[in-house]
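# Residue-level structural notes
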Amino acid sequence: DTAVSQTPKYLVTQMGNDKSIKCEQNLGHDTMYWYKQDSKKFLKIMFSYNNKELIINETVPNRFSPKSPDKAHLNLHINSLELGDSAVYFCASSPGTSGYEQYFGPGTRLTVT
Amino acid sequence: GESVGLHLPTLSVQEGDNSIINCAYSNSASDYFIWYKQESGKGPQFIIDIRSNMDKRQGQRVTVLLNKTVKHLSLQIAATQPGDSAVYFCAEDNYGQNFVFGPGTRLSVLP
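Attention here is on the structure that accompanies the text. (Residues numbered from 1 in each chain as written. Chains lettered and ligands numbered in written order. Predicted model: local features only at pLDDT ≥ 70, side-chain atom pairs only at ≥ 80, totals over all residues. Heavy atoms only, no water.)

### Points about the sheet that holds strand S5 (residues 56-58) of chain B
Residue and element names in this part refer to chain B. Spatial ordering of the open sheet is given by S2-S7-S6-S5, a layout of 4 strands whose pairing is antiparallel. The open sheet has two free edges, formed respectively by strand S2 (19-24) and S5, since each of these has just one partner strand. For this sheet, the mean angle separating the axes of adjacent strands, direction not counted, is 15 degrees. Where S2 and strand S7 (residues 72-77) come together, 6 bridges link them in antiparallel fashion. Following the sheet pairing, Ile21 is matched in S7 by Leu75. (Pairing = 2+ DSSP bridges. Helix = DSSP H or I, 4+ residues; strand = E, 2+ residues; numbered from the N terminus. Axes fitted to C-alpha atoms, helices over the stretch in contact; angles between N-to-C directions.)

The following block contains the structure:
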């Protein structure tokens, strides 16, 4: 009964490839997020969606495109992968856009070679 | 962009002692603050939160203090246990317009 799940857990790919990471939450939350955590553990928000609508879109290369088919899913597609994209990507969800704790998935470790 | 906290420090404490983890936040408009714990290989997990109209909140073995005057947040863990070993992050929420995480503090509990 995982609350926030991500697939895959590990992703190893070559530069220039296109890949997707999927996220699903079964908490009934309205808001979902994508974060990137670098090798120094720094966590930075990339996107947030509320009821399938984009709310936060931080300064992220447009090679990254989130897609929310419904409010329980927020997928992240990355085009033309670069070495600097290597990181752990976390999906999270919360009941609303502000003033709520966020529930994080287990993370997807992306390695670009 | 904005940053919260300092470069990732490490705090080592003896088992049974109290731990204090500090965080400096940058946006005086932030209204909600959260502490998360991240164990190795896992996602961050909520510990405790505090809203800007409070200066102290207590949970089970944890206390968060908020000093808005100097934009400082602290997490106190009482009777630290080996299971408390993890990276701890403070995070600030500016009315849902932005979420900023601190760089984290690694807590090591010594036997």
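### Examining the pairing of S7 of chain B
All names here are of chain B. Two elements, strand S6 (residues 62-67) and S7, share 6 bridges in a ladder whose sense is antiparallel. Bridging from a neighbouring strand, Val62 pairs with Ile77 of S7. Hairpin geometry of S6 and S7 is characterised by an intervening segment of 4 residues between the two adjacent antiparallel strands and by a positive phi of about 55 degrees at Lys71.

### Remarks on the packing of aromatic side chains
Within the structure shown, the criterion is met by 11 aromatic pairs over all chains. Taking 5.3 Å as the distance between ring centres and 85 degrees as the angle between the ring planes, the aromatic pair formed by Tyr33 of chain A and Phe99 of chain B counts as edge-to-face. Of the two residues, Tyr33 of chain A is situated in strand S4 (residues 31-37) and Phe99 of chain B in strand S9 (residues 99-101); the pairing between them involves two chains. Across this residue pair, the class does not change: Tyr33 of chain A and Phe99 of chain B are buried. Each ring, one from Phe104 of chain A and one from Phe101 of chain B, has its centre 6.0 Å from the other, and the planes form 85 degrees; the classification is edge-to-face. Here the residue Phe104 of chain A occupies a position in strand S10 (residues 103-104), and Phe101 of chain B occupies one in strand S9, the pair thus bridging two chains. Residues Phe104 of chain A and Phe101 of chain B agree in their burial class; the two are buried. An aromatic cluster of at least three residues, connected via ring pairs, comprises Tyr33, Tyr35, Phe90 and Phe104 of chain A together with Tyr36, Phe89, Phe99 and Phe101 of chain B. (Phe/Tyr/Trp six-rings, centres within 6.5 Å; stacked < 30°, edge-to-face > 60°. Buried < 20%, exposed > 50% of the residue type's maximum accessible area, 1.4 Å probe, protein only.)

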